[in-house]
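Residue strings, one per chain:
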Amino acid sequence: MDVSRKDFPEGFLFGAATAAYQIEGHRFGGAGPTHWDSFSKGPGTVVRAEDGATACDHYHRYEQDLDLLRDGGFDAYRFSTSWARVMPEGTGAVNEAGLDFYDRLVDATLERGLRPFQTLYHWELPSALADRGGWANRDTALAFADFAEVISARIGDRVASTATINEPWCVAWLSHYLGHHAPGLRDIRAAARAMHHILLGHGLAVERLRGMGRDELGIVLNFERALPATPAPEHAAAADIQDQIYNRWFLEAIAHGRYPEGALEGLAPHMPAGWQDDMALISQPLDWLGVNYYTRSMMRAAPEQPWPSVTAVEGPLPKTQMGWEIYPDGLHHFLIRARDALGALPVYVTENGMARDDQAEAGAVADPERTNFITAHLDATRRAIADGVDVRGFFYWSLLDNYEWAFGYEKRFGLIHVDFQTLERTPKASYHALSSALAR
Ligand code: PNW
C-alpha cells in the first residue's frame, strides 16, 4: 500500500467499523425481536432468507475481534449498540444483560487503547415499534430518544463519540420506498414520513444527550454520486433529483434546517403535518459529521415510473462484488460538499470499503483489489485534507465479513475473513497491508 500514516495529519484516526445486527448474533443475551428477523423470512427479500441470529458470534468473541484491531495498529473502533438488545420491546423494560454486554465491550475497547465510536441506530428496529408503524410513526422518534438516554447513562461516560443514526437514506428511502431493506415497503407516504421522522429522532436524541452533558455528538450520512448516464437534459434532470433525495435531503436538513426544493415538491403531499416546526431541532449544532461513501450511480429518466421517475443503469467502471463501480473521486467530492455545507465542522469517513468473493486458503486470503481500493480512497481523503477539509479519521467497512443485509452472508466486506460454518477468523492480505501502512 503506497500510502502510510505519515501522509495524514497528527492525530488522524484509523479504524474499522461494524454494526450490531450484522456481527453480534441476535439470538444471544436476551435481545428482543427486530424487523430484520421478520423481513428476512421473505418471500424474496434476503438471499437464502438468512438473518442475524448467529452472524459472527461477536457477542461471545468480541475480545478476539478487538485483539485483531489492536494488533493491526488501529486507533479506533466504530460499532453500534442494538436498541432491541437494550430494550427488547423498544420502550419500557431494559435488558440488563444487554447493558452489561456493551459495558464490557466499551471497557475491552479502551483496554486495548482503541477509541470507542458508538452508533445508536444501525437498523435493527424492535419489532414492537415496527408493528406500530416504525419510522413512519412519529412516536418511534420519541422512543428513540429514550433509548439514547438509557444506553448513554450506561456507557456514555466512556465512548469517544456518539452517532445518532447510521445512513438515514437507507433507513427511509431504501426501506420504505425502494423496498430493499426492512420493513420492505414501496409506499411514498410511509417513505416521506420516515424521511422526516428519522431526522426528528436524530434531533431529539441529540437534545437528550446534550441534556445529559454528553459531547462529540454527530450523525452518519451516506452519499452516492449521482451522474447522468448521457448528457441529454432529461438524464441530467434525473441525476439532479436523485442527488436531492439521496445526498442533499439529509445534509441540508442538518446543516440549514431545510429540504431541497425539487425533492420536497414530490414529497410535500405526503409529509406529516407541521413538519416545518421540527426543522430547528433537526438542524441544531453537531460536533462532527460522518461520511459513508461507496460508489456512484449513472442515472436515466424513467418517465413510465411514478415520481421521482428515475432509474440507475450499469456504468463502465470496474465493479466490486456488490456490482458497485469503484469511483474514489466521489469520496473527495463529498468531503468537499460536507465542508461547503457545514463549514469547519470536523468530518470522519465513517465507512468505505469493498465486497469481494474472498476464499480462505491455508490460513490466508489474497485480496489485492481491496488493498488497491483502500489505497485509492485514502488518497482521495488525503486530497480533501489538502483542499482544506478537516477530516479527522477513516474507518474501513468492515472489520469482519458479516451479515450483509439483503445479501445475507454472500458478500464479504471484511478485512478479516469469517468462515460462517466454523466462525473462524482469518485476517486477509488487505488487513496486513493496511496494518503495515499504519506502522509506517
Ligand atoms: C452501508 N445502497 O449500507 C451500511 O452502513 C452497512 O451496514 C453495510 O453493510 C455497508 O454499507 C455495505 O453495504 C448500505 O443500496 C447498503 O445504496 C445499501 C446501500 C448503501 C449503503
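Reading the values: rules and limits
- Within any chain, residue numbers begin from 1 and follow the written order of that chain's sequence.
- At least 70 in pLDDT is required for a residue's local features to be given in this predicted model, at least 80 for side-chain atom pairs to be given and counted, and no such filter applies to totals for whole chains, interfaces and linings, which use all residues.
- Each side-chain value is derived from all of the structure's non-hydrogen atoms; neither hydrogens nor water enter the calculation.
- A helix here means a DSSP run of H or I that spans at least four residues, while a strand means a run of E at least two residues long, and both kinds are numbered starting from the N terminus.
- Any two residues having at least one pair of non-hydrogen atoms within 4.5 Å are treated as being in contact.
- Axes are fitted to the seven residues ending at a residue and to the seven starting at it; the angle between these axes is taken as the bend at that residue.
- Throughout this description, buried means an accessible area under 20% of the type-specific maximum (1.4 Å probe, protein chains only), exposed means over 50%, and partly exposed covers the range between.
- Any residue with an atom within 4 Å of a point lines the site, the site being either a cavity, points on a 1 Å grid over the protein atoms alone where a 1.4 Å probe fits but cannot get out, or a pocket, an open set with protein on both sides within 12 Å along at least 5 of 7 lines.
- Grid points are joined across faces, edges and corners, and a volume is the space filled by probe spheres set on the points.
- Charged residues are taken to be Asp, Glu, Lys and Arg, nonpolar residues to be Ala, Val, Leu, Ile, Met, Phe, Trp, Tyr, Cys and Pro, and polar residues to be all remaining types, Gly included.
- Note on pairing: DSSP must find at least two bridges between two strands before they are called paired.
- By disulfide we mean two sulfur atoms from cysteines, separated by a distance within 2.5 Å.
- One heavy atom within 4 Å of a molecule or strand makes the whole residue count as near it.
- Polar contact criterion, stated in full: a pair of N or O atoms within 3.5 Å, where within protein one must be able to donate a hydrogen and the other to accept it, and residues adjacent in sequence count only if both atoms are side-chain atoms.
- The protein chains shown are the only cover counted for residues, whose accessible areas, like all others here, come from Shrake-Rupley with a 1.4 Å probe.
- Molecule-in-pocket calls rest on the fraction of atoms, with more than half required to lie within 2 Å of the cavity or pocket grid points.

Visitor: Explain the environment of P285 to me, please; I cannot follow it from the model alone.
Guide: Turning to its location among the elements, P285 is positioned in the loop between α12 (279-282) and β6 (288-301). In the structure, P285 is positioned 79 residues away from V206 in sequence and 9.1 Å away in space, judged by C-alpha atoms. Leaving out residues up to four positions away in the same chain, P285 has contacts with V206 and R210.

Visitor: Hey, could you run me through helix α3 (residues 58-71) in this one?
Guide: Along an α-helix, a turn takes 3.6 residues, which lines up residues three or four apart on a common side. At Q64, α3 shows its largest kink, close to 35°. Among the residues of α3, those classed as buried are H58, Y59, Y62, D65, L66, L68 and L69. Where α3 ends, the next residue or the one after it, G73, has phi of about 80°, a positive value.

Visitor: So what exactly am I meant to see when it comes to empty space enclosed by the protein here?
Guide: Space left empty within the atom packing is revealed by a probe, the size of a water molecule, rolled over the atoms. In the structure shown here, the tally under the stated rule is three cavities of 30 Å³ or more. Forming the boundary of the largest cavity are H35, W36, Y121, W123, W135, C170, V171, S175, H181 and A182. Going through the elements one at a time, α2 (35-39) and α8 (168-176) are the ones with two or more residues in the lining of the largest cavity. Sort the elements by how many residues they give to the lining of the largest cavity and α8 lands first, with three residues. Of the residues assigned to the lining of the largest cavity, the class counts are seven nonpolar, three polar and no charged.

Visitor: Mind showing me how you'd approach the pairing of strand β1 (residues 13-17) here?
Guide: Two faces make up the sheet, and in a regular strand the side chains alternate between them. Most of β1 sits out of view: five of its five residues are buried. In β1, alternate side chains face the same way, and those of L13, G15 and A17 on one face and F14 and A16 on the other are all buried. Alignment of β1 against strand β2 (residues 76-80), held across three bridges, turns out to be parallel. Bridge pairing in β2 links A16 to Y77.

Visitor: Help me understand the state of the cysteines, please; the structure alone is not making it clear to me.
Guide: Disulfide: a covalent bond formed between the sulfur atoms of two cysteine residues. Following the criterion strictly, the structure yields zero disulfides and no others. In this model C56 remains outside any disulfide bridge; the closest cysteine sulfur is found in C170, 19 Å from its own. Assessed through its relative accessible area of 0%, C56 is described here as buried. Judged by relative accessible area, which is 7%, C170 ranks as buried.

Visitor: What exactly am I supposed to notice about the layout of surface pockets here?
Guide: The volume enclosed by the largest pocket comes to roughly 1100 Å³. What lines the largest pocket is a set of 46 residues, and nearest its centre among them are W169, L174, H180, E224 and W324. When residues of the lining of the largest pocket are traced back to their parent elements, those giving at least two are α8, β5 (217-228), α10 (233-256), β6 and β7 (310-313). Looking at which element gives the most residues to the lining of the largest pocket, the answer is β6, with six residues. In this structure, the second largest pocket encloses a volume near 190 Å³. Looking at the second largest pocket, it is lined by 13 residues, and the ones nearest its centre are L13, R115, E216, Y348 and R392. Taken together, the residues of the lining of the second largest pocket sort by class into seven nonpolar, two polar and four charged.

Visitor: Would you explain the environment of Y59 in this entry?
Guide: Looking at the secondary structure, you find Y59 in helix α3. Between the alpha carbons of Y59 and A20 there is a distance of 9.1 Å; along the sequence they are 39 residues apart. Other than its neighbours up to four places away in sequence, Y59 contacts E24, F28, G29, R85, A97, F101 and R104.

Visitor: Just checking my understanding: could you explain the site of the ligand for this structure?
Guide: Around the ligand, a shell composed of 18 residues is seen, among which Q22, H122, E351, E404 and W405 lie nearest. Here an oxygen atom of the ligand sits 3.1 Å away from a polar atom, N or O, in the side chain of W397. In the complex, the protein chains occlude 91% of the 460 Å² of accessible area that the ligand would expose alone. When atom positions are compared with the pocket grids, the ligand is found to occupy the largest pocket. The dominant element in the shell around the ligand, judged by the number of residues it contributes, is α8, at three residues.

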